[in-house]
Amino acid sequence: MYLLQLQLLLFPKSEESGYPPDNWDTEYETQTIFPPKELIFNAFKHVSFSELKVVIVGQDPYIKDGEAMGLCFSIPKNIKCPPSLKNIYKALEKDPKVTFKTPNPVHGDLTKWAS
């Protein structure tokens, strides 16, 4: 139920655009869409909605199969860390109010951030 409410909040139905589609399956069958259908709202598999403190909505495009994880900016450990995420790591390390160290070896899997 929470996911449906969040989907409706993030993607209100528009008569003009027809978005979101009534049938996500058709969209996935006829287009290349990332992340895979089973990873949409992946963050909520790692944290309960009631414990949620922050939602990061990003537009970091994934252009290859196997990159999108359904977590904003996150990519599997075996994929080269993108510059946008490296910049996030650098900003966090420079912030005196945050205790953060870039993962070593550098990777882009942010699954732990969702836990």
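Refer to the structure printed above.
Residues numbered from 1 in each chain as written. Predicted model: local features only at pLDDT ≥ 70, side-chain atom pairs only at ≥ 80, totals over all residues. Heavy atoms only, no water.

A.B. asks: What is the right way to look at the overall build of the chain in this model?
C.D. replies: When you go through the chain residue by residue, the secondary structure sums to three helices and zero strands. Listed by position from the N terminus, the elements making up the chain come as α-α-α. Considering the chain as a whole, with its 115 residues, one finds that 25% of them fall into the buried category. Across the chain, every contact between residues at least 6 apart in sequence was considered, and the portion connecting residues at least 24 apart equals 46%. Element-wise, carbon and sulfur atoms account for 56% of the exposed surface of the chain, whose accessible area totals about 8,700 Å². (Helix = DSSP H or I, 4+ residues; strand = E, 2+ residues; numbered from the N terminus. Buried < 20%, exposed > 50% of the residue type's maximum accessible area, 1.4 Å probe, protein only. Contact = heavy atoms within 4.5 Å. Areas by Shrake-Rupley, 256 points an atom, 1.4 Å probe, with all protein chains shown as cover.)

A.B. asks: Explanation requested: the side chain of Asn-42 in the structure shown.
C.D. replies: Within the fold, Asn-42 resides in the loop between helix H2 (24-30) and helix H3 (83-94). Those residues in contact with Asn-42, other than ones at most four positions away along the chain, are Met-69, Gly-70 and Leu-71.

A.B. asks: Explanation requested: the nonpolar core in the structure shown.
C.D. replies: The nonpolar side chains of a soluble globular protein tend to be buried, and buried together. In this structure, Phe-73, Cys-81, Leu-85, Tyr-89, Phe-100 and Leu-110 together form the largest nonpolar core, which totals six residues. Excluding residues within four positions of it along the chain, Leu-85 makes contact with Phe-73, His-107, Gly-108 and Leu-110. (Core = buried A, V, L, I, M, F, W, Y, C linked by side-chain atoms within 4.5 Å.)

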